[in-house]
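Examination of the molecular architecture
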Amino acid sequence: MSFQKETLVPLVDDSDYDAKNLYPSDDDFDDEDLADMMPEQRFEARMAERLSVRLLAISDDDEEGYHRELRKSLRLLHVSSSGDLESKPSASALFVEKDVDFITLARRHLWIMILIAIGGLFIVGSVLWWGVRLLGPPYQPAGPYELIERQEGEDFFQYYTFYEGKDSAGSDGYNMYVNMQKAKDIGIVNITMESDELDVYQFDGEADVHKRNKEEPFVYMLSAPTPEGPRDSIRLEGIRRFNRGLFIIDVRHMPTGCGVWPAFWLTDEANWPVNGEIDIVEGVNYQSEAKTALHSTKGCSMTDIPLGVMTGTWDTAQGIPDAKTGIPDMTLRYARNCFVYDQHQWLNQGCVAVDQQGGTLGGPLNEKGGGVYALEWDPLNRHIRSWVFTPHSTVPENLVEAIRTASLPPEDRIDPDPSLWPIPYAYYAIGEETDCPSSHFRHMRLVFNTAFCGSVAGNRYQMDCPKQAKEFPTCNAWIKSDPDEMKDAYWKVRGVYVYERRWERRLTNY
């Protein structure tokens, strides 16, 4: 190791010089050559000689002692402007010390950082461990379901507002939505007390008839023709907003027919599609198979659905025109991307699960006296699931009892438990560790509406209604003619029941 030439002053004993003279006298040197040097030079030379003697006395194997002697001896002295002595480390001394200790210091700092990290993790873990045991797990909507809305009879409409005006630009239905007063005046909404003939359920071959012949309230929502052409219709928009829940509708008749487009769905229309859309019941023209559809922004797909979690299948997309060439792409694809503008699916098709048993929508459903639809939106358990039960004799006992006891005091009610029901026909994976973050669906409200023609039923008019198309060239012309078929375009609802899971302290287990 070499040193640059600097004025290096080793530490010396007080015997080497007096307090008034920094340097030893010339008499201290035997070498005549040294006597000719300046005092500073003689002092440096003499101290260097002494240092060499001390270093030579150290064993060759004692590298640590060698460097310790250097660190002890080397200092730079300079005289300040006032003449006082100040001791400061020289650049060479610092260089020696830093070079010697660099690896040691680096290792020491590394170990300090490791110990700090381990200590921090230990503290965090301890806080969480004691927090869970002293305070319990965090509150989460993970408990049993509890009823929060029972939409029946005279109370049904208090959960909604009547939207008034034209259909949205996106749907573009050939109809006009009217307010509640006008709907009552023209007779397209009413509540009727009727004997509930369908409240007879078969379990293990035995009929439960404890409510037979008892009159129950049924909600009717219809439409009416107008001289101008577009039909007066109903659109109900829920007051409460939801971020999860179990939504059940007992429907005895739903609108059906050519040009008819009814729906019972969840949406935040002011922030569509950012906050998503979930279609629980939706019929178009003469469709007879129940479907559940999700519509979202980019980044939500159903490519990771496990096997055995659903009995239905996925809708398909084929013949989509190429965005640049316009040439139809005849590749058959499943509609599993919920993004409304996915280039390989129809515009706003979304991800659509289809029931395969048939007769679960529209005319066939009505012929069986309707049915019960249920949709579970459960972000914490990372799924959205759909069921349809028709006829009513196929409704699982737990669900039957939940609906029957919904009007009783809370302590007497039966909570719905989807784990006791059959496998759903639709299953969507949402939330953590899925291909669809749960943030795609939030702040939505229930909507009932019946539209006519428009961007869906109208666009399918020629394909779905070939008989009518021979006489009426457009869907709007068909609706304007007020055909007898429109008499079937009405809702008959026994009730809507909304549940949410109770908030409990519980650790999440996936």
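The model shown is predicted, which means the values in this text are computed figures rather than measured ones.

**Points about the nonpolar core**
- Membership of the largest hydrophobic core comes to 57 residues, with the highest contact counts inside it found for Met-221, Trp-377 and Phe-448.
- Val-372, Phe-389, Val-395 and Ile-403 belong to the second-largest nonpolar core, a separate cluster that totals 17 residues.

**Points about the sheet that holds strand E11 (residues 231-233)**
- One open sheet holds the three strands; their spatial order is E5-E6-E11, and the pairing between them is mixed. The open sheet is flanked by strand E5 (165-166) and E11, the only strands paired with a single partner.
- Where strand E6 (residues 175-177) meets E11, three bridges bridge the pair, whose relative direction is parallel. Considered in E11, the bridge of Asn-175 is made with Arg-231.

**Structural notes on the sheet that holds strand E12 (residues 235-238)**
- The strand order across the open sheet formed by eight strands is E4-E12-E26-E14-E15-E16-E22-E17, and the pairing between neighbours is antiparallel. Both outer strands of the open sheet, strand E4 (160-162) and strand E17 (313-314), are each paired with one neighbouring strand and no more.
- Bridge count for E4 against E12 is three bridges, and the pairing is antiparallel. Looking at the pairing, Tyr-160 lines up with Gly-238 of E12.

**Section: the pattern of salt bridges**
- By the definition in use, this model includes 24 salt bridges.
- A salt bridge links Arg-231 to Asp-482; the nearest nitrogen and oxygen atoms lie 3.0 Å apart. Taken as a pair, Arg-231 in strand E11 and Asp-482 in the loop between helix H11 (475-480) and strand E27 (491-505) lie far apart in primary sequence, 251 residues in all.
- A salt bridge links Arg-333 to Asp-329, with the shortest nitrogen-to-oxygen separation between them at 2.9 Å.

**Let's talk about the pairing of E12**
- A two-sided burial pattern is seen for E12, the buried positions comprising Arg-235 and Glu-237 on one face and Leu-236 and Gly-238 on the other.
- Inspection of the sheet shows E12 paired to strand E26 (residues 445-452) by three bridges, in the antiparallel sense. Among the inter-strand pairings, Leu-236 is bridged to a residue of E26, identified as Phe-448.

How each quantity is defined
Residues numbered from 1 in each chain as written. Predicted model: local features only at pLDDT ≥ 70, side-chain atom pairs only at ≥ 80, totals over all residues. Heavy atoms only, no water. Core = buried A, V, L, I, M, F, W, Y, C linked by side-chain atoms within 4.5 Å. Buried < 20%, exposed > 50% of the residue type's maximum accessible area, 1.4 Å probe, protein only. Pairing = 2+ DSSP bridges. Helix = DSSP H or I, 4+ residues; strand = E, 2+ residues; numbered from the N terminus. Salt bridge = Lys/Arg side-chain N within 4 Å of Asp/Glu carboxyl O.

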